[in-house]
Structure formats: C-alpha cells, structure tokens
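Architecture and fold: a report
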Amino acid sequence: KFDGALQGGARIRRLSGDVMIPGSPPVPLGLRELELDAKAVRAGAALSRLNLALKIDIAGKGSVSAVAGTQLRASAQGGLEFGAKEPIDLALRADIADLAWLGLFTGDDMDLGGSLHADVKARRKADGSWATQGTIDGSKIKLVRLDDGVRLFDGTLQAHLDGERLVLDKLS
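Residue positions are given per chain, counted from 1 along the sequence in the order it is written. Two thresholds apply to this predicted model, a pLDDT of at least 70 for residue-level local features and 80 or more for giving and counting side-chain atom pairs, whereas whole-chain, interface and lining totals are computed over all residues. Side-chain measures were taken over the full set of non-hydrogen atoms in the model, leaving aside hydrogen atoms and water.

Some points on the overall build of the protein chain
Assigned secondary structure in the protein chain consists of one helix and twelve strands. Secondary structure elements in the protein chain, listed N-terminal to C-terminal, are β-β-β-β-β-β-β-β-α-β-β-β-β. C-alpha atoms define the radius of gyration in this analysis, and the globule rule sets the expected value at 2.2 Å times the number of residues to the power 0.38. Its C-alpha atoms give the protein chain a radius of gyration of 20 Å, more than 25% over the compact-globule value 16 Å for 172 residues. Taken along its principal axes, the extent of the C-alpha atoms in the protein chain is 55 × 40 × 25 Å. For helices the rule is a DSSP run of H or I covering at least 4 residues; for strands it is a run of E covering at least 2, with both sets numbered from the N terminus onward.

This is how it looks when you write it as structure tokens:
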C-alpha cells in the first residue's frame, strides 16, 4: 500500500543480445553492457529521494556512466510528480572511442570522427537555472559539413563547463 512516499528499487540490465540501429541494412550497435539502477528512499511524509545510475558500454564505440538524483513529491491526488523547482544533481562520464558511429544519426550532411572524453557535473538550482562544471576533451576530431564549409581534420578539443556556459578553451 502506498503511504505517501515512494520507496524501493529497480534494476534493468542487459543479459544478452544487441540493439539494431534502423537503416538499410540495419546495423548492430555492439552493446556489451547496459544497466540502469533506480532507488527511491523516503525523505519526508510526502517526499522521496530518487537516485538513478546508468552504465552503457558499446564495443568499439565507448562507454558512458551517469548518476542523477532528485526529489519526488506525492500529489494530493495520490500521484508522484517532479517539482519544477526541485534540485537535480547529475554527473556524467563519457569515454567515446570513435565518434564516427554517430553519423548513423546525423545523416549524410555531417561526417564525424575522433575520440571524446567528458567528465561533467550539473545541478539544477531552485530558481531553475543550472550550475555546471567539468571538462570535455577530444582528439583526432573530424567534423565535415560540406554545405556549411566546415572542414576540421585531426582536431583537438579542450572545453569546460562554467555555470550555464560551454567554454571552448581550444579547438584546432
């Protein structure tokens, strides 16, 4: 019976198999690991703390891990809702071995390549604004958009997050 606060946990994980990316022909993603853990803990009479952890590992493409936390409030009608002003904490670490596979989603207009490492944190404050920090580094970056005249080969990216801004420290 629901007593006003969500409590408990759930784990979703890949046991076997792969994901096919639609196309002609369909392309196997190469999924090695996919795991999502969710845990809700009572934080008050009508309040729960929700924590999520995600891990993804794709053969030859890279890995991503993320953790997030926020609060859920029970509504007067008995449902659960995310408050528009509730803080959200997020941490993300990504090690992308080859960006070329993202071309499956960008289409023929853009050619991507290179590797990317990101280690970032973000927090939504009570006023709705975001505070971010962390670094994003890339090597052997390839970005080609012929229609726009953009041609970057064997590039280097160094960037960081500062408040609500992405600052490009180096792009060459």
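Remarks on the pairing of strand β12 (residues 165-171)
Pairs of strands are assigned from DSSP output, requiring at least two bridges between the strands. In terms of strand pairing, strand β11 (residues 150-163) meets β12 through six bridges, oriented antiparallel. When the sheet's bridge partners are listed, D162 is paired in β12 with R165. The turn linking β11 back onto β12 is made up of one residue.

Here's the deal with the packing of aromatic side chains
Classification of ring pairs uses Phe, Tyr and Trp, with its six-membered ring standing for Trp, and accepts pairs whose centres are within 6.5 Å; under 30 degrees between planes counts as stacked, over 60 as edge-to-face, and the remaining range as tilted. Across all of its chains, the model carries one aromatic pair by this definition. Taking the centre distance of 6.0 Å and the plane angle of 80° together, the rings of W101 and F105 count as edge-to-face. Buried means the residue's accessible area, taken with a 1.4 Å probe over protein chains only, is under 20% of the maximum for its type, while exposed means over 50%, and partly exposed covers the values in between. What makes W101 buried here is its relative accessible area of 19%.

Some details on the environment of G163
Secondary-structure assignment places G163 in strand β11. For G163, a relative accessible area of 24% translates into the label partly exposed. Separated by 48 residues in sequence, G163 and S115 place their C-alpha atoms 25 Å apart. Beyond its immediate stretch of four places on either side in the chain, G163 contacts W130, A131 and T132. Any pair of residues with heavy atoms lying within 4.5 Å of one another is described as a contacting pair.

Section: the confidence of the model for the protein chain
Along the chain, pLDDT gives the predictor's confidence residue by residue, from 0 to 100. Across the protein chain, pLDDT averages 92, with 99% of residues at or above 70. No element of the protein chain has a lower mean pLDDT than helix α1 (residues 103-106), at 81, and none a higher one than strand β8 (residues 88-96), at 97.

A short note on the pairing of β8
Pairing geometry for strand β6 (residues 62-74) and β8, over eight bridges, is antiparallel. Bridging from a neighbouring strand, G62 pairs with I96 of β8. Two strands pair when backbone bridges link them, and β8 and strand β9 (residues 111-124) are joined in this way by nine bridges, in the antiparallel orientation. Each residue of the ladder has a partner; that of R93, found in β9, is D119.

Re the pattern of salt bridges
Each salt bridge in this description consists of a side-chain nitrogen of Lys or Arg and a carboxyl oxygen of Asp or Glu lying within 4 Å of one another. Following the criterion strictly, the structure yields eleven salt bridges and no others. In this structure, D89 engages R49 in a salt bridge whose closest nitrogen and oxygen atoms are separated by 3.5 Å. One end of the pair, D89, is in strand β8; the other, R49, is in strand β5 (residues 47-58), and 40 residues separate them in sequence. Taking relative accessible area as the criterion, D89 reaches 26% and is therefore assigned partly exposed. Here R49 falls in the partly exposed class, since its relative accessible area comes to 25%. Of the charged contacts, one joins K142 and D111 as a salt bridge, the two residues approaching to 2.8 Å between their closest N and O atoms.

Concerning unusual backbone geometry
Peptide bonds are mostly trans, and most non-glycine residues show a negative phi. With a phi close to 55°, K140 is a non-glycine residue in the positive phi region. Along the polypeptide, K140 turns up in strand β10 (residues 130-145). Accessibility expressed as a relative area gives 61% for K140, which makes it exposed. Phi at D154 is positive, roughly 50°, even though this residue is not glycine. A residue is classified by how much of its surface remains accessible, and D154, at 58% relative accessible area, is exposed.

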